[in-house]
Structures are given as C-alpha cells and as structure tokens.
Amino acid sequence: MLEMTLHDCFADEIAIDFPSVGRVVDRMSDAFLGERSDHDNVVPAEVCLSEREAWRGLVVPVEVPLRGTCQRCGGRGETWAEPCCDCRGTGESLFRHAVRVAVPARVADGARFRFRLSSPHAATVCVEVRVAIRPAA
C-alpha cells in the first residue's frame, strides 16, 4: 500500500490540470521510486502456431499496441490554442511497437508468458503472450 501512495501522490492534480504529462510523470516516478506493479498495466497478445512450430520452438513477430505521447502536439493536446486533430486533445496516441518473441520448444496450447516492454514514446508495460496451437488439417 505504501508503494501506491508514493506513486500516486500527485495523481489527481496531474489528471485534472495536466493530463497530457501523466505518462511522463509516471516514468519519472518509476525512475525515482522504483517501478510499479505490473498488475495495472498488462497488455495482452497472442501467437498462433502450428503443432510442428510449437514442438520445435521459433521466434515470431508480435505487434504490441502502446499508448504514448502524441507526436504532432508533443503531448500538449493542442496546437496554437486549438485541440490537436491527431489525438483529439488528449495528448496521447496509439501506436504499434513490433517485437520478436522467442517461443520455447514443446510449448503447450494456452501457455502464457510475460515480458516487459520499454519504448521511448510510451510508459513501460508488461506484455502477456498467450500461445494458441492450431490443430493439424
């Protein structure tokens, strides 16, 4: 509980007065106070494999959707006193981050594994990958 109090000490002020800098403040808080629990920020992903691929293991590309700072307005939510048309005034945009995930050999259908993903344009997230195995035709 103490960790949540430390991380969220200015959450209301930021959410109300400065919503576009929320992600940056979260990253700074994580750097100074230690990283938050991954339970709040888990991004699901799925890889679909054939039985042979699951047996042998392989490296697969996965696109992870991330929320980050709008590139057009720099997270301000506006351009010259008008709402930014790209982010609709929120200061955030959704982008896809491509990663390559190594799936171990002899992985079972429904297996899940997690990893942390850091990006210069978004807060660090925990990605949970679920393995789905297609039955042989």
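Look up: the structure comes first, before these words.
In what follows, the accompanying structure is described. Please read these numbers as outputs of a predicted model, since none were measured by experiment.

1. What to know about the environment of Glu78
- Tracing the chain through its elements places Glu78 in strand 3 (residues 78-79).
- Judged by its relative accessible area of 41%, Glu78 is partly exposed.

2. What about the nonpolar core?
- If you look at the biggest cluster of nonpolar residues, it comprises 19 residues, and the most contacted ones within it are Val47, Leu49, Val60, Val62, Val64, Leu117 and Val127.
- When sequence neighbours within four positions are dropped, the list of residues in contact with Val60 reads Val47, Leu49, Val99, Arg100, Val101 and Val103.

3. Some words on the environment of Asn41
- Mapped onto the elements, Asn41 comes out in the loop between helix 3 (22-33) and strand 1 (42-50).
- Counting along the chain gives 86 residues from Asn41 to Val127, while the straight-line C-alpha distance between them is 8.5 Å.
- Apart from residues no more than four positions distant in its own chain, Asn41 is found in contact with Thr124, Val125 and Cys126.

4. Thoughts on the pattern of salt bridges
- For the coordinates displayed, the defined rule picks out six salt bridges.
- Between Arg112 and Glu128 there is a salt bridge, with the nearest N and O atoms lying 3.4 Å from each other. Placement of Arg112 in strand 6 (residues 112-119) and of Glu128 in strand 7 (residues 122-134) is noted, with a sequence separation of 16 residues between them.
- One network of salt bridges, in which partners are shared, links Arg112, Arg114 and Glu128.

Reading the values: the criteria
- Residues numbered from 1 in each chain as written.
- Predicted model: local features only at pLDDT ≥ 70, side-chain atom pairs only at ≥ 80, totals over all residues.
- Heavy atoms only, no water.
- Helix = DSSP H or I, 4+ residues; strand = E, 2+ residues; numbered from the N terminus.
- Buried < 20%, exposed > 50% of the residue type's maximum accessible area, 1.4 Å probe, protein only.
- Core = buried A, V, L, I, M, F, W, Y, C linked by side-chain atoms within 4.5 Å.
- Contact = heavy atoms within 4.5 Å.
- Salt bridge = Lys/Arg side-chain N within 4 Å of Asp/Glu carboxyl O.

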